[in-house]
Structure formats: C-alpha cells, structure tokens
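Below are the chains, spelled out letter by letter.
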Amino acid sequence: MDLFARSWAALRSAVAELPNEDFALPSGCTGWLVRDLVCHLIIDAQDVLITLVTPVEKEPTRDAVTYWNVTETAPTGDDQLDALIVRLATAYRDPQLLKFHLDDVGSAAGRAAALADPAVRVGTRDEILTVGDYLGAYVLEWTLHHLDLIAQLPEAEDPPAESMARTREMLEEIVGEQFPDSFSDKDVLLVATGRRAPTAAEQAVLDDLPAPFPLYLG
C-alpha cells in the first residue's frame, strides 16, 4: 500500500508539472496524446474510489499479479472505451482543467487508499481481491502510465525506482521467468510491454525466454 501511495503521488506530480503544450504530445499509449492519458488517469482514480467502497464477503479470485490479463494482441487505439477517452479529453479544452480534475479526484483516491483496511475484500471487473492486492496491482498501472506520460519528455523524472523494481517483479511473475540483470528495470518495463522496440542484443535475450514478447496487459 505504501508503494501505491508513492507511485500515485509521483504520477500526479508529474502531471501537475507539465506545461500546457506538452498535453498535445503523443503519449506512450497507442493512439493517445498526453491529454488523453491524463483523462484516463482521472477515470482510473474514480475506479479506485468506487472499488474501495464495494466490499464483498466472498473469497478472493485474483491477487495483485493475476489481476492482469495478458494478450499478445497490440492495442490499436480503436477500442470503444479508448475512443471515448479521446472525446472526453478533447472536451476539457484547457489542460488546466484536466490538471485540476486529476488533482481533485486523484487526491481523494489517495486518501481513500490510505484509510482502507488491506484485508477487506472488494469487487471489481467481476473479480474479488483484497484491498492490499487491489492497490498492489495499481502499482504496475501507475508505473507504466508514468512512463507513458513522459515518453516524449526525455528530461522528465522517471517513476520511483522502487515502483519500477516492483513492477519488474510483477512482470516476471506474470511470465514465470526472470529478466537478465543486463536489463535495467526501466528497460524491462518498456521492452517487455512493447513500449520500446528492443535492440538486437535485447531481442536475442528475449528470444531465449519461453514467453512471447511483447506482453500487453489489460
């Protein structure tokens, strides 16, 4: 839960520091500009708030790692929900409104997470998780989207090192294999999820692993 708070605070701070013109840059998410990604983060924050007040009595069906569905199909940006995000983001017009809404809802989601009992079970996406596992799953979400946010901003600060390390561990659990030490945590996150094309040397290493790459998570 501590990593949830740190990764989420870092991501919201990164958005708050963006100049208006950067909202029109491409993000690391296929088909989305930075403004579209920020709009998606607002909806994510709303989902966190909704889930944390949706307790259930049944046994958990997923944990922080198995929460994620893996596919070999790359996103196209044509999904109906993705298209809706783009329309919503355009409606904001002024990037300052996006910043305000994310700070407002995002801060509330952060406070709700800090107050939540990690042992309580909650329901989301027709699955059941403990609050601790649910928030743990979002460390991966926030970390990857932080990298998406700064994809065209080489001077921007990376996600917290501990968040990238934990996200790497989660990816390794998902594929059932450890990535070589020659890969930095950031390189693993970018290359393994298709956010950056591998170098020839990296591709040779990936070819030796049994799991197909890149991985697309949803």
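Cut-offs used in this document
- Residues numbered from 1 in each chain as written.
- Predicted model: local features only at pLDDT ≥ 70, side-chain atom pairs only at ≥ 80, totals over all residues.
- Heavy atoms only, no water.
- Helix = DSSP H or I, 4+ residues; strand = E, 2+ residues; numbered from the N terminus.
- Rg over C-alpha atoms; globule rule 2.2 N^0.38 Å.
- Contact = heavy atoms within 4.5 Å.
- Areas by Shrake-Rupley, 256 points an atom, 1.4 Å probe, with all protein chains shown as cover.
- Lys, Arg positive; Asp, Glu negative; His and termini not counted.
- Charge placed at Lys NZ, Arg CZ, Asp CG, Glu CD.
- Core = buried A, V, L, I, M, F, W, Y, C linked by side-chain atoms within 4.5 Å.
- Buried < 20%, exposed > 50% of the residue type's maximum accessible area, 1.4 Å probe, protein only.
- Pairing = 2+ DSSP bridges.
- Salt bridge = Lys/Arg side-chain N within 4 Å of Asp/Glu carboxyl O.
- Axes fitted to C-alpha atoms, helices over the stretch in contact; angles between N-to-C directions.
- Parallel < 35°, antiparallel > 145°, perpendicular 65-115°, else oblique.
- Left-handed = near helix turned anticlockwise from the far one by under 90°.
- Nonpolar A, V, L, I, M, F, W, Y, C, P; charged D, E, K, R; others polar.
- Disulfide = S-S within 2.5 Å.

Colleague: When you look at the overall build of the chain in this model, what are you seeing that I'm missing?
Modeller: Along the chain, the regular secondary structure elements total eight helices and four strands. For a compact globule of 218 residues, the expected C-alpha radius of gyration is about 17 Å, and the chain comes in at 17 Å, within 12% of that figure. Taken along its principal axes, the extent of the C-alpha atoms in the chain is 45 × 45 × 30 Å. Long-range pairs, those at least 24 residues apart, make up 71% of the contacts in the chain with a sequence separation of at least 6. Accessible surface for the chain amounts to roughly 10900 Å². Of this, 53% is attributable to carbon and sulfur atoms. Computed over 16 positive and 37 negative side-chain charges, the inter-centroid distance for the chain is 5 Å.

Colleague: What is the right way to read the nonpolar core from this model?
Modeller: Generally speaking, soluble globular proteins have nonpolar side chains that are buried together. Formed by 59 residues in total, the largest nonpolar core has its most connected members in F4, Y134 and L149. Every element with two or more residues in this core is listed here: helix 1 (2-16), helix 2 (34-52), helix 3 (80-92), helix 4 (95-115), helix 5 (131-149), helix 6 (161-175) and helix 7 (185-192). Looking at which element gives the most residues to this core, the answer is helix 5, with 11 residues. Once residues lying within four places of it in the same chain are set aside, the contact partners of Y134 are D47, V48, T51, L52, Y67, V122, T124 and L129.

Colleague: How do you make sense of the pairing of strand 2 (residues 121-124) when you look at a structure like this?
Modeller: As a general feature of sheets, a regular strand has side chains that alternate between the two faces. Across four bridges, strand 2 lies against strand 3 (residues 127-130) in antiparallel orientation. Bridge pairing in strand 3 links G123 to I128. In this antiparallel pair of consecutive strands, strand 2 and strand 3, the connection spans two residues, and R125 shows a positive phi of 50°.

Colleague: Explain the pattern of salt bridges here, please?
Modeller: One side chain can pair with another of opposite charge once the charged atoms of both are near each other. If you walk through the whole model with that rule in mind, you get 13 salt bridges. Residue R6 is joined to D2 by a salt bridge in which the shortest nitrogen-to-oxygen separation is 2.4 Å. Residue R6 and its partner D2 are located together in helix 1, separated by four residues, close to a single helical turn. Take R6: its relative accessible area is 36%, and that puts it in the partly exposed class. For D2, a relative accessible area of 49% gives the class partly exposed. The partner of E172 in a salt bridge is R168, and the shortest N-O contact between them spans 3.4 Å. Placement of both E172 and R168 in helix 6 is noted, with a separation of four residues, approximately one turn of the helix. Like R168, E172 is buried.

Colleague: Looking at this model, I keep getting lost on the side chain of E141. Mind explaining?
Modeller: Turning to its location among the elements, E141 is positioned in helix 5. Of the side chains bearing the opposite charge, R125 lies closest to the buried E141, which forms no salt bridge; the N-O distance is 7.1 Å. In this structure, E141 is in contact with H40, D44 and W68, ignoring residues within four places of it in sequence.

Colleague: Can you walk me through the packing of helix 2 against helix 4 in this structure?
Modeller: A packed helix pair is summarised by two numbers, namely the angle formed by the two axes and the spacing between the axes. Relative orientation of the contacting elements helix 2 and helix 4 amounts to 30°, with a least axis distance of 9 Å. Classed by the angle they form, the pair helix 2 and helix 4 counts as roughly parallel. Between helix 2 and helix 4 lies a crossing whose hand is left-handed. The segment helix 2 lies against helix 4, with R35, V38, C39, L41, I42, A45, Q46, V48, L49 and L52 engaging L98, H101, L102, V105, G106, A108, A109, A112 and A113. Looking at the contact of helix 2 with helix 4 residue by residue, the class counts come to 15 nonpolar, three polar and one charged.

Colleague: So what exactly am I meant to see when it comes to the state of the cysteines here?
Modeller: Structurally, a disulfide amounts to a covalent bond that connects the sulfur atoms of two cysteines. Inspection of the entire model under this criterion finds zero disulfides. No disulfide involves C29; its nearest neighbouring cysteine sulfur is the one of C39, lying 12 Å away. You can call C39 buried: its relative accessible area is 3%.

Colleague: Please clarify how the environment of T66 should be interpreted in this entry.
Modeller: By the secondary structure assignment, T66 is in the loop between helix 2 and strand 1 (70-71). Given a relative accessible area of 38%, T66 falls into the partly exposed group. Once the C-alpha coordinates of T66 and I174 are considered, the two residues, 108 residues apart in sequence, prove to be 7.4 Å apart.

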